[in-house]
Amino acid sequence: MTDVDNGVLHTLFQSEQGGHEQVVLCQDRASGLKAVIALHSTALGPALGGTRFYPYATEAEAVADALNLARGMSYKNAMAGLEHGGGKAVIIGDPDVIKTDQLLLAYGRFVASLGGRYVTACDVGTYVADMDVVARECRWTTGRSPENGGAGDSSVLTAFGVYQGMRASAQHLWGDPSLRGRRIGVAGVGKVGHHLVGHLLAEGAEVVVTDVREDAVRRVLDRHPRGVTAVADTETLIRLEGLDIYAPCALGGALHDDSVRMLTAAIVCGAANNQLAHPGVEKDLADRGILYAPDYVVNAGGVIQVADELHGFDFERCRAQAAKIFDTTLAIFARAKEDGIPPAAAADRIAEQRMHEAARARGW
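Below or above, wherever it landed, is the structure these notes cover. Remember, predicted model here, so these are calculated numbers, not experimental data.

1. Some thoughts on the packing of helix 6 (residues 155–174) against helix 15 (residues 325–339)
In a packed pair of helices, the relevant descriptors are the angle between the two axes and the axis-to-axis distance.
Phase 1: Here helix 6 crosses helix 15 at 40°, and the two axes come no closer than 8 Å. The orientation of helix 6 relative to helix 15 falls into the category oblique. In the packing of helix 6 onto helix 15, the handedness of the crossing is right-handed. In this structure, helix 6 contributes Gly161, Gln164, Gly165, Arg167, Ala168, Ser169, Gln171 and His172 to the contact, and helix 15 contributes Ile325, Phe326, Thr329, Leu330 and Phe333.
Phase 2: In terms of residue class, the contact of helix 6 with helix 15 is made up of 5 nonpolar, 7 polar and 1 charged.

Given below as structure tokens:
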């Protein structure tokens, strides 16, 4: 990999964002597979994280993304109370062009070669049907279809967990977990967002939605003709007067300098990953008096579901664990107040403490 530069190696071995246990570079020329599997931590158990299939501009970019995503999964799994560390895999290339069963089977063999240190699942560019193929070569595969022993779509529990995070945020800020009468803006009403809208309407909230895809907005409006309105774009949404809660449920980086300045909501709680565009945004939110529910905490319902597949999937058991996101979110807010830090920093501290204690118990 000729363009893996010193920046990537510095991240891996020297920076605070590094510290990964293992990085595996995978290649199968017959199928065209080029992939990176990054294991950040196995202190809590086998690393668990999805497989992203994406046309990265360079191999170095792919490695950097795998490192960042794997680290994030360590924190997510720790805060979800799972006995799993964090890992992530990326397959380099356009899935619409190069994805084949042969390539996915080759990828499955590489995951299997790790002997259970890494458990894979779906992510951007991969789907339940893909995991069914990978599972033909690798038993450490989750996110499979019910016909193949899996749980299928994880967006239902992801949305449920975000809903619990919102209720906890309301409890902390307003002294009441009820969302009845609250005006909530949902940016992105795809797989997770449209389920979230259903929970909010069931509780009597007023919901305003937006999405770059008109068909996604139309589907929500057709399904819920009462209680939902739509606006043209995210900028319009976050500027709305009377907005109580903003739920970014689309791409990452939704919270940046400009959006934080424009935001009218008192709470941010959504399903999107990596919502903070850069370090320091969490302080900007706190300085404006906006309560931020850390994304990797409230959107953990999906990873709770795929982890449960390893034990024989039980929806009610997963739902009960995802409901605990309410208490976890409240604990983060309490820790943030106690330590005088933003909630995102408090969540990191709690996750790091759990990983450190697990490593020490193992004698590492």
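2. Concerning the sheet that holds strand 9 (residues 245–248)
Phase 1: Within the open sheet, the 6 strands sit side by side as 8-7-6-9-10-11. Their pairing is parallel. The two strands at the open ends of the sheet, each matched to only one other strand, are strand 8 (228–230) and strand 11 (291–292).

3. Digging into the nonpolar core
Phase 1: Counting 71 residues, the largest nonpolar core has Ile37, Tyr107, Met166, Val186, Leu196 and Leu200 as the members making the most contacts within it.
Phase 2: With 7 residues, the single largest contributor to this core is helix 6.
Phase 3: Once residues lying within four places of it in the same chain are set aside, the contact partners of Leu196 are Ala159, Val162, Tyr163, Met166, Val186, Ala247 and Cys249.
Phase 4: Counting residues in hydrophobic clusters, the runner-up holds 20 residues, among them Leu237, Ile238, Leu243 and Ala344.

4. Looking at the pairing of strand 5 (residues 118–122)
Phase 1: Most of strand 5 sits out of view: 4 of its 5 residues are buried.
Phase 2: Of the strand pairs in this sheet, strand 3 (residues 47–54) and strand 5 are connected by 5 bridges, and their pairing is parallel. Bridging from a neighbouring strand, Leu48 pairs with Val119 of strand 5.

5. Describing unusual backbone geometry
A negative phi angle characterises most non-glycine residues, just as the trans form characterises most peptide bonds.
Phase 1: Not every positive phi belongs to a glycine, and Asn274 is a case in point at roughly 50°.
Phase 2: Summarising the element assignment, Asn274 is placed in the loop between strand 10 (267–268) and helix 11 (281–287).

6. Observations regarding the pattern of salt bridges
Phase 1: Scanning the entire structure with this criterion turns up 19 salt bridges.
Phase 2: The partner of Arg52 in a salt bridge is Asp123, and the shortest N-O contact between them spans 2.6 Å. Note that Arg52 is positioned in strand 3 and Asp123 in the loop between strand 5 and helix 5 (128–134), a separation of 71 residues in sequence.
Phase 3: Overall, the relative accessible area of 16% leaves Arg52 in the buried class.
Phase 4: Residue classification places Asp123 among the buried positions, given a relative accessible area of 16%.

7. What to know about the pairing of strand 3
Phase 1: Most of strand 3 is tucked away, with 7 of its 8 residues classed as buried.
Phase 2: Across 6 bridges, strand 3 lies against strand 4 (residues 85–92) in parallel orientation. Across the sheet, Leu48 pairs through a bridge with Gly86, a residue of strand 4.
Phase 3: You can see the chain leave strand 3, run along helix 2 (residues 59–79) and come back into strand 4, and the turn it takes is right-handed.

8. With respect to the sheet that holds strand 5
Phase 1: An order of 1-2-4-3-5 is seen for the 5 strands of this open sheet, with the pairing classed as mixed. Bordering the open sheet on either side are strand 1 (22–28) and strand 5, each of which pairs with just one other strand. Shown here is a sheet whose adjacent strand axes are inclined to one another by a mean of 25°, direction ignored.

9. What to know about the packing of aromatic side chains
Phase 1: What the rule picks out here adds up to 4 aromatic pairs.
Phase 2: Taking the centre distance of 6.2 Å and the plane angle of 75° together, the rings of Tyr75 and Tyr296 count as edge-to-face. Highlighted residues: Tyr75 in helix 2 and Tyr296 in helix 12 (residues 295–298), separated in sequence by 221 residues. Accessibility classification places Tyr75 together with Tyr296 in one group, the buried group.

What counts, and at which threshold
Residues numbered from 1 in each chain as written. Predicted model: local features only at pLDDT ≥ 70, side-chain atom pairs only at ≥ 80, totals over all residues. Heavy atoms only, no water. Axes fitted to C-alpha atoms, helices over the stretch in contact; angles between N-to-C directions. Helix = DSSP H or I, 4+ residues; strand = E, 2+ residues; numbered from the N terminus. Parallel < 35°, antiparallel > 145°, perpendicular 65-115°, else oblique. Left-handed = near helix turned anticlockwise from the far one by under 90°. Contact = heavy atoms within 4.5 Å. Nonpolar A, V, L, I, M, F, W, Y, C, P; charged D, E, K, R; others polar. Pairing = 2+ DSSP bridges. Core = buried A, V, L, I, M, F, W, Y, C linked by side-chain atoms within 4.5 Å. Buried < 20%, exposed > 50% of the residue type's maximum accessible area, 1.4 Å probe, protein only. Salt bridge = Lys/Arg side-chain N within 4 Å of Asp/Glu carboxyl O. Right-handed = clockwise from strand over helix to strand, strands pointing away. Phe/Tyr/Trp six-rings, centres within 6.5 Å; stacked < 30°, edge-to-face > 60°.

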